[in-house]
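These are the residues of each chain, in order.
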Amino acid sequence: MKRMGVKRWLAAAFAAALALPLLSCGGTPAGEEPDGLDFEGFPVIADGTGQAGEVAAAENETLRLLVDPADASVCIEDRETGARYPLAVPEQALPEALDGAQKMLLQSLLQVTAMDSVGKEFVVNSRVGSVNRGTFTVYGCEDGVILDYRFERESDQYAVPVRIRLTEDGFTAEVLFDGVREWGDVQISRIALLPSFGAQPAGTEGYMLIPDGSGALVSYDAAVGNPADYYGDVYGRDPSLSLVMQTEVRQEVRLPVFGAKAGEAAFLGIIAAGDAGAAVHCTPAKASGEYGRVYASFVYRQPDTSILADKDWNSREVTVMAERRFTESPCVRYCLLSAEEADYSGMARRYRQYLTQEQGVGQTVGRPTLLLNMIGAYAQQESVLGFTVERSHSATTFEQAQEIINAFSRAGLPDLTVVYSSLNEKGRYPSQAGSFTPDDVLGGTDGLRALADFCGQQGVELIAELDVFSHYTKTDALFPSRFARRINDEPVKLYTYSPATNLAEGEIFRYLTRPDHWLSDWQAMTRIPSQLGLASYAPAGLGEFLYADHTNGQEKNRDDMKAAMAGLAAQMTEDGETRLLLGGANAYLLAYASGLRDVPVDSSAFDLQSESVPFYAMAVHGLLPLYSESLTGQSDLEDWGLRLAESGVMPQFEVTGSPSADFLNTEQNGAYASYYEDVLEQAQELLEWLGPLLEPVWDQAIVRHSRTDGLGVTEYENGVTIVTNYTQGERSYQGVRIPARSSCAVTAAGEA
């Protein structure tokens, strides 16, 4: 990247120092700051004693990075237009009446959360803990600066370096984890990066983008009431952390992005590193003076809670801290957008470019199909001679699967993709992860072979769902060494939560296995299907959740597990023939996917949200086949159909070959309304209009989306626009009549 007219901070003499080697911190006496990164050879721009006045620290062909030595404030300036992007709100821009604590936070580039030995939490920002005390140093580095914040108060005693570097269309901000030092009684648990970049007061024209489910906008209009701040763990909550009660139903964060638009300017934040330990925060603007802010924070050392009982069996909750910190230094790439790119459509286009050009996500779309998820076997307890035994029963035999495919074909729905789940003995509750034999009640291996041959003749892709991560049991696990451990050394379990009580249900234990077993389990489970010619799989859990493993001496944080899951997906597909239909799916696995199911088409609708937008689909559509969550049993298929049309997503239905009444009071009790004859009628009614609508755009990128006057307008790169009318009255778009509660394709010429 060419740089012109800027002071040459970097000489060849310290080019090698850019790798920032970590020096040993062992044996540092308490109360003394340990050694961290070696900044020798880096020019000092500020050391806490400088005079006010900006200094140009770096520049490229389009942008300039400015630093004020007096307060370590940083600003990015557009060299052509003069537009300025301060990384925190300048002091002179803040209203005098604003609360002092708010002022300090809005002027900070960092906010650090730390805990002492008894679990007491301390939160301090860089303005209060470092800048106001003059305990910071700003170094010059290639394309930017390093700000080394030292928090030297007795309650803090740690240091955190941050690196800011220019890019072609913005800048990156990186917390250098290898340079973090701690020398007091507290341990850092989380670091928020640029918590006030782009912050705006109530009344500003614009919004913030959060990656909640499909995506949602949060307006800068003063929030009505007192809505809670938004917090979303990227890739969902860590199942290895304790959670006995689920107090809300929420969509997961699948894409590591966030953004904001204010007036004619916008930015997209892409969490390019450290995403496995990241969370996205959003604070709504309020009439009381609180600014609207959206930003990311990162786990440095994972805390958790544990229940301890004393000698009298009185229980209490204590905080425990993981011994091993996260290793990957978090990095957020901020893309500055202007003019026609300065909205959430521009953000989606920029993120799509990142996925295709830097993350290896290719185009593997094919033709639009209806996705059927067929349930195979299930276990049911029965009484035999006074003894309770558990026997396998079939929800859908392999012969019935052929009947279902024929029935859908006769009804005008021959274009199908079929996922067959619960194939194993007793369905989804195998005795041990890594074992796989098609249950005899379904037709056994011969029946599966016949179904595979039949699907090949019909042009239907048959996908076997296999769970390589889980061990299901109704008792404590017999093989604890196979399972990941929590910080308190308990095995990691996944729970389902009762919709009535929100409490974790304990009838079925689902233990999560350690990564050193994944590949061998996968190879064992795919041996029979591969012998039958199957090459398409739906690995349950891959892309749906991400957990840590705190096995003593072999600890793996979520960043380690993310790399392990990506490595597993790479090994699964290295033959060039294996296809993976992923659920979710978390962004770091998109490059290995042949399709995605359970794609979110709505947000959680939290109080702070202004509207839901199909950001996930906008970023990925046309690259991979997209299928919704199962619509079986959904009460409002009309509304679901409208959302699918607006997002360009095909439906998924769960089906069985047996009547739903057979599953009452069994482990498949949730599969109500799944009998294929009932589902067929619903699918036929939906696909009659949705299929022809999506077929011309199935392999096309979404270039723009907007909502106005009750209409959702989705524009595709081939010139087709799908207009969805959510209202109860007729609407018009470019002279084309859009009936109430319907979707219509409009061409570039304005024709329906």
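Quick note: structure is the one above.
Keep in mind that what you see is a predicted model, and the values were worked out from it rather than measured.

**Q** Could you clarify how one ought to interpret the packing of aromatic side chains in this entry?
**A** The final tally for this structure, using the stated rule, is 25 aromatic pairs. Taken together, a centroid distance of 5.9 Å and an interplanar angle of 55° make the contact between F267 and Y334 tilted. Remark: Y334 occurs in strand 23 (residues 331-338) and F267 occurs in strand 18 (residues 265-273); sequence separation between them is 67 residues. Side by side, F267 and Y334 carry an identical accessibility label, which is buried. An angle of 70° between the planes, with centres 6.0 Å apart, marks the rings of F469 and F545 as edge-to-face. Of the two residues, F469 sits in the loop between strand 28 (461-466) and strand 29 (470-473) while F545 sits in the loop between strand 32 (536-539) and helix 8 (558-572), which places them 76 residues apart along the sequence. Residue classification places F469 among the buried residues on the basis of a relative accessible area of 0%. Taking the relative accessible area as the measure of exposure, F545 reaches 9% and is therefore buried.

**Q** How should the side chain of E174 be read in this particular structure?
**A** Looking at the element boundaries, E174 is found in strand 11 (residues 170-175). Other than its neighbours up to four places away in sequence, E174 contacts P161, V162, R163, R165, L193, S329, P330 and C331.

**Q** Even after reading the chapter, I still don't get the side chain of N586, so can you show me in this structure?
**A** Within the secondary structure, N586 sits in the loop between strand 33 (579-583) and strand 34 (595-597). Judged by relative accessible area, N586 falls into the buried class, the value being 0%. Among the polar contacts listed, one links the side chain of N586 to the side chain of R254, at a separation of 2.9 Å. Non-local contacts of N586, meaning those with residues more than four positions away in its chain, are made with Y235, V253, R254, G543, E544 and F545.

**Q** Help me understand the sheet that holds strand 20 (residues 293-299) in this model?
**A** Across a sheet, strands are paired by hydrogen bonds formed along the backbone, either parallel or antiparallel in direction. Taken in spatial order, the six strands of this open sheet run 7-6-13-20-19-16, and their pairing is antiparallel. Because the sheet does not close on itself, it has two edges, and the strands there are strand 7 (121-125) and strand 16 (230-233). Pairwise comparison of adjacent strand axes, ignoring direction, gives a mean angle of 20° for this sheet. Direction of pairing for strand 19 (residues 278-283) relative to strand 20: antiparallel, over a ladder of six bridges. Bridge pairing links H281 to Y295 in strand 20.

**Q** Just checking my understanding: could you explain the pattern of salt bridges for this structure?
**A** Pairing between side chains of opposite charge can happen when their charged atoms approach one another. Taken as a whole and assessed by the stated rule, the structure comprises 40 salt bridges. Residue R324 pairs with D560 through a salt bridge whose shortest N-O separation is 2.5 Å. In this pair, R324 is assigned in the loop between strand 22 (315-321) and strand 23 and D560 in helix 8, connecting sequence segments 236 residues apart. Judged by its relative accessible area of 29%, R324 is partly exposed. For D560, a relative accessible area of 18% gives the class buried. For D639, the salt bridge identified is with R741, shortest N-O distance 3.6 Å. Taken together, the residues D639 in helix 10 (residues 637-647) and R741 in the loop between strand 42 (736-738) and strand 43 (742-746) connect sequence positions 102 residues apart. Using a relative accessible area of 19% as the deciding quantity, one classes D639 as buried. Members of the salt-bridge network, linked through shared partners, are E54, E59, R64, E77, R79 and R84.

**Q** In this structure, what is going on with the sheet that holds strand 37 (residues 650-655)? I would like to understand it.
**A** Taken together, the eight strands give an open sheet; going across it, the order is 34-33-32-28-27-24-37-36, and neighbouring strands pair in parallel fashion. One side of each edge strand has no neighbouring strand; the edge strands of this open sheet are strand 34 and strand 36 (627-630). Averaged over all neighbouring strand pairs, the angle between strand axes comes to 25°, with direction disregarded. Both strand 33 and strand 34 contribute to a ladder of three bridges, which runs parallel. Residue pairing for strand 34: G583 is matched across the bridge by R597. The strands touched by helix 4 (residues 398-410) are strand 24 (370-375) and strand 27 (416-421); relative to strand 24, the strand with the most contacts, the crossing angle is about 155°.

**Q** What is the right way to look at empty space enclosed by the protein in this model?
**A** Any empty space left between the atoms is revealed when a probe the size of a water molecule rolls over them. Taken as a whole, this structure holds three cavities of 30 Å³ or more when the rule is applied. Counted as a void, the largest cavity has a volume near 50 Å³. Forming the boundary of the largest cavity are D71, A72, S73, Q107, S108, L109, S126, R127, V131 and Y149. Of the residues belonging to the lining of the largest cavity, the class tally is four nonpolar, four polar and two charged.

**Q** What is the right way to read the nonpolar core from this model?
**A** Side chains of nonpolar character tend, in soluble globular proteins, to be buried together. Membership of the largest hydrophobic core comes to 189 residues, with the highest contact counts inside it found for L65, Y351, F408 and L596. Of the residues forming this core, the biggest block, nine residues, is contributed by helix 11 (residues 676-694). In contact with L65, other than residues within four places in its own chain, are V55, A56, A57, A58, V74, C75, I76, D143, G144, V145, I164 and L166. Counting residues in hydrophobic clusters, the runner-up holds eight residues, among them V713, V736, I738 and V746.

**Q** What exactly am I supposed to notice about the environment of F615 here?
**A** Take F615: it is sitting in helix 9 (residues 615-620). On a C-alpha basis, the gap between F615 and S647 in space is 8.7 Å, while along the polypeptide they are 32 residues apart. Excluding residues that lie within four positions of it along the chain, F615 makes contacts with L209, S214, G215, L255, V257, Y344, M347 and A348.

Thresholds, definitions, all that
- Residues numbered from 1 in each chain as written.
- Predicted model: local features only at pLDDT ≥ 70, side-chain atom pairs only at ≥ 80, totals over all residues.
- Heavy atoms only, no water.
- Phe/Tyr/Trp six-rings, centres within 6.5 Å; stacked < 30°, edge-to-face > 60°.
- Helix = DSSP H or I, 4+ residues; strand = E, 2+ residues; numbered from the N terminus.
- Buried < 20%, exposed > 50% of the residue type's maximum accessible area, 1.4 Å probe, protein only.
- Contact = heavy atoms within 4.5 Å.
- Polar contact = N/O pair within 3.5 Å; in protein donor to acceptor, adjacent residues only side chain to side chain.
- Pairing = 2+ DSSP bridges.
- Axes fitted to C-alpha atoms, helices over the stretch in contact; angles between N-to-C directions.
- Salt bridge = Lys/Arg side-chain N within 4 Å of Asp/Glu carboxyl O.
- 1 Å grid on protein atoms, 1.4 Å probe; cavity = no way out; pocket = protein on both sides within 12 Å on 5 of 7 lines; lining within 4 Å.
- Points joined across faces, edges and corners; volume = space filled by probe spheres on them.
- Nonpolar A, V, L, I, M, F, W, Y, C, P; charged D, E, K, R; others polar.
- Core = buried A, V, L, I, M, F, W, Y, C linked by side-chain atoms within 4.5 Å.

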